[in-house]
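Read off the chains here:
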Amino acid sequence: MSWLTMPRWPAITVGVAIGLLECLTFLLLDKPIGCSTAFTRTSGLIEKALRGNAAAEKPYYRLFPPVIDWEWVFVAGIPLGAFLAAFSSGTFRIEWVPSLWTAIFGTGISRRLGAALTGGFLVGLGSRWAGGCTSGHGISGCLQLALSSWLASAAFFAGGILSAILLFSLPGR
Amino acid sequence: MERIHLLLPDPAKKPAALILGILFGFLLQKGGVTRYETIIGQLLLLDFTVLKVMLSAVLTGMLGIEILLRFNLVALHPKHGSFGSSVIGGLIFGLGFGLLGYCPGTAAGAAGQGSLDALFGGVGGMLLGAAFYSEIYHRIEPSVLRWGNFGDITLPELLRTSRWKVVTAVAALLAAVLAALYLAGL
């Protein structure tokens, strides 16, 4: 069982396993794997809790009602699985600032959180705008050969490469 | 021909989804793609782990789904798109992707390995971004989202050729890119 305690598995092994997991999801649940819809449902649930049913009447929430469906449960399973994987290899650790960020931008927590919050906002906005994320378009949509997914995935990485290169070449960082 | 299916009954869907989600999170973490360093390394074109995981997942899933389609066991669910939606939305996502260093699925996974920037910044920011989108949806839906609309068309439909030809060509392309990455030691 030494593979279970390994901190990293080969990328291809993980990719092939994710591809098989997709087939299983299509077979058992008749839907591709996707993550970002669950964020819309959660934001709808929060708005509904804070502002009442009027929030749920927004046109977008009529399209994606604020309910806990099986896709939401799937996304809730992700941190559990990642915890088990990190715990099994002894790599679980509470960390506010990733080491690569620290090396370039220093140890300040607020700076990192500010960037992550801004980036998170754009990722949340962009994934709903494009109708999917790196899982729903990048893996599930591309493997179905959907034109929307190939275009969106190219845009995800074009934007991401531009943004990361600009950020890491900021003058006086 | 009627579809033979192994679909789960409704009460079994959430438990099954939980198990599949746990497996997905487990794989993402073991693959190293829940680490900020791995994702930023990919976007800076220094570490190709993300690409290797994604291309091998697409290759395996594409061939698997194609076989299951032949046996009438699955149905396809390609998403609708337009230039205004897929490309503009994708670029907004990308700009955030480089700042955050996680995507929705890997941020959820990173939270599980103890990365609190992914939890508070990533998941928190994504919820705000999704809420903001629900505010502007009714304004961009009749305009931007319809620019260059092409619906849920797939590559074989676009190229007016058989699925198998496209699957074979894409599989060969993905395999060649993966082989090139390994040969280049990336």
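Residues numbered from 1 in each chain as written. Chains lettered and ligands numbered in written order. Predicted model: local features only at pLDDT ≥ 70, side-chain atom pairs only at ≥ 80, totals over all residues.

Caption draft 1: Quick peek at the overall build of chain B. Within chain B, the secondary structure is distributed over eight helices and two strands. Starting at the N terminus, the α and β elements of chain B follow one another as α-α-α-β-α-α-α-β-α-α. In chain B, buried positions account for 49% of the 186 residues. In chain B, of all internal contacts separated by at least 6 residues, the share reaching a separation of at least 24 is 61%. (Helix = DSSP H or I, 4+ residues; strand = E, 2+ residues; numbered from the N terminus. Buried ≥ 20, exposed ≤ 12 C-beta atoms within 10 Å, placed from the backbone. Contact = placed C-beta atoms within 7 Å.)

Caption draft 2: Representation of the overall build of chain A within the structure. For chain A, the helix and strand inventory stands at ten helices and zero strands. Going from N to C terminus, chain A has its helices and strands arranged as α-α-α-α-α-α-α-α-α-α. Relative to all contacts within chain A whose residues are 6 or more apart in sequence, the contacts with residues 24 or more apart total 51%.

Caption draft 3: Just the interface of chain A and chain B, in detail. Chain A puts 114 residues into the contact, and the matching count from chain B is 106 residues. Breaking the side of chain A that touches chain B down by element, the ones donating at least two residues are helix H2 (11-29), helix H3 (36-51), helix H5 (59-63), helix H6 (70-88), helix H7 (99-105), helix H8 (109-130), helix H9 (136-143) and helix H10 (147-168) of chain A. Among the residues making up the side of chain A that touches chain B, the classes are represented as 72 nonpolar, 31 polar and eleven charged. (Nonpolar A, V, L, I, M, F, W, Y, C, P; charged D, E, K, R; others polar.)

Caption draft 4: Spatial organisation of the environment of Gly124(B). When you line up the elements, Gly124(B) lands in helix H6 (residues 116-140). Residue Gly124(B) is classed as partly exposed on the basis of its 18 C-beta neighbours within 10 Å. A sequence separation of 88 residues divides Gly124(B) from Tyr36(B), and the C-alpha atoms of the two residues are 17 Å apart. The residues touching Gly124(B), leaving out its near neighbours within four places in the chain, are Leu117(A) and Gly120(A).

Caption draft 5: Geometry of the nonpolar core. With 99 residues, the main nonpolar core has Val58(B) and Ala107(B) as its most contacted residues. Those residues in contact with Ala107(B) that lie beyond four places of it in its chain are Tyr102(B), Ala118(B), Gly122(B), Val123(B) and Met126(B). (Core = buried A, V, L, I, M, F, W, Y, C linked by C-beta atoms within 7 Å.)

Caption draft 6: Looking closely at the confidence of the model for chain B. When pLDDT is averaged across chain B, the result is 96; 97% of the residues are at 70 or more. Under the prediction, the complex receives an ipTM of 0.96, its pTM being 0.96. (pLDDT = per-residue confidence, 0-100.)

Caption draft 7: Structural detail: the packing of H8(A) against H6(B). At their nearest, the axes of H8(A) and H6(B) sit 6 Å apart, and the two run at 40° to each other. In terms of axis orientation, H8(A) runs oblique to H6(B). The two elements H8(A) and H6(B) meet at a crossing, and its hand is right-handed. (Axes fitted to C-alpha atoms, helices over the stretch in contact; angles between N-to-C directions. Parallel < 35°, antiparallel > 145°, perpendicular 65-115°, else oblique. Left-handed = near helix turned anticlockwise from the far one by under 90°.)

Caption draft 8: Inspection of the environment of Leu28(A) at higher detail. Of note, Leu28(A) is situated in helix H2. Other than its neighbours up to four places away in sequence, Leu28(A) contacts Leu6(B), Leu7(B), Leu8(B) and Ala16(B).

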